[in-house]
Amino acid sequence: MKFKVLGCYGGNVQTIGMTAFLVNDVLGLDGGWVTGALSLPEQEKVRDILISHAHLDHTCSLPFIVDNNFAVPGFCLRIHALPEVVDALQNHLFNNSTWPDFTCLPNDKNPVLRLLEVHDEQPFYVAGLTARAIRVSHLVPTAGFIVDDGQSALAFSADTGPTHRFWEIVNDTQNLKAIITECSFPNELQRIADISGHLSPQTLGEEVKKIKRDVPIFLYGFKPRFIPVLTEQVQALSDPRLVLLEQGRTYEL
Ligand SMILES: [Zn+2]
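The text that follows walks through the structure, step by step, so that each part is easy to find. Because the structure is a prediction, the values reported are computed rather than measured.

**Remarks on the sheet that holds strand 13 (residues 242–244)**
Strand order in this open sheet of seven strands is 7-8-9-10-11-12-13, and the pairing throughout is mixed. A single partner strand is all that each edge strand has here, and the edge strands are strand 7 (124–126) and strand 13. With strand direction ignored, the average angle separating the axes of adjacent strands in the sheet is 25°. For strand 11 (residues 176–182) and strand 12 (residues 217–220), the ladder comprises four bridges, and the chain directions are parallel. Bridging across to strand 12, Glu182 finds its partner in Tyr220.

**So, the coordination of the zinc ion**
The expected angle between donors at a tetrahedral four-coordinate metal is 109.5 degrees. At an octahedral six-coordinate metal it is 90 or 180 degrees. All of the protein donors around the zinc ion are His53 (NE2), His55 (ND1), His138 (NE2) and Asp159 (OD); their distances to the metal are 2.2 to 2.4 Å. Along the chain, the residues donating to the zinc ion fall in the pattern H-x1-H-x82-H-x20-D. In this structure His53 comes out as buried when scored by relative accessible area, which is 0%.

**Thoughts on the environment of Val34**
Relative to the elements of secondary structure, Val34 occurs in the loop between strand 3 (27–29) and helix 1 (40–45). Counting along the chain gives 17 residues from Val34 to Gly17, while the straight-line C-alpha distance between them is 8.8 Å. Sequence-distant contacts of Val34, defined by excluding residues within four places in its chain, comprise Leu6, Ala20, Ser61 and Ile65.

The rules we used
- Residues numbered from 1 in each chain as written.
- Predicted model: local features only at pLDDT ≥ 70, side-chain atom pairs only at ≥ 80, totals over all residues.
- Heavy atoms only, no water.
- Pairing = 2+ DSSP bridges.
- Helix = DSSP H or I, 4+ residues; strand = E, 2+ residues; numbered from the N terminus.
- Axes fitted to C-alpha atoms, helices over the stretch in contact; angles between N-to-C directions.
- Donors = N, O, S within 2.8 Å, 3.2 Å for Na, K, Ca; no water.
- Buried < 20%, exposed > 50% of the residue type's maximum accessible area, 1.4 Å probe, protein only.
- Contact = heavy atoms within 4.5 Å.

This is how it looks when you write it as structure tokens:
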């Protein structure tokens, strides 16, 4: 399995892109910076995206992927998400007010967008992989995902504050090769991190103690204004498993 970092920040400034990863060129993990990172031919290949939650920094490319590829024969983007996230995308994004409801365009039978519900901890098959959604602890209903090709598994926590069940399942995942988790605010803004359901370096330090596996723990989600201080504070944790993701880079697992 390989994954490319399309965007790995908690905000957008110039070329700094928001959360989106591309697995094996065809499966999206969140949709914050897909159209900003991929050419039209590359976008056409993306037919499935797992969406962790409805916040805009994880979803804001979705309207434009569909719009860009509307005229491609047979194109259909399938979004897989928790039921509450599907509701939010339908009611607040593809609602014929902020953007057309592409789930019934060009017609109900063969739409260019399908919003598909996934359920807690139940495996489902997508893009040649087995995936599972596990709820984490964020401000709105949010799932982390584990995707597994039978040889390698990648765990993506999505946005979360301190959480438990996700790490329990990660620790039990046989093929685990890497984890992607978040760190958003510096220690000085711990209160903001707590009330917004995010991690700071100090709460990340507590979370990584729950991870019993010796695999790389890639970090995403730095708020752009705090990149230098967050980098210093994460390095001060001195956990050799912690690696800052590089936007644009492809990682082989
Ligand atoms: Zn969020």
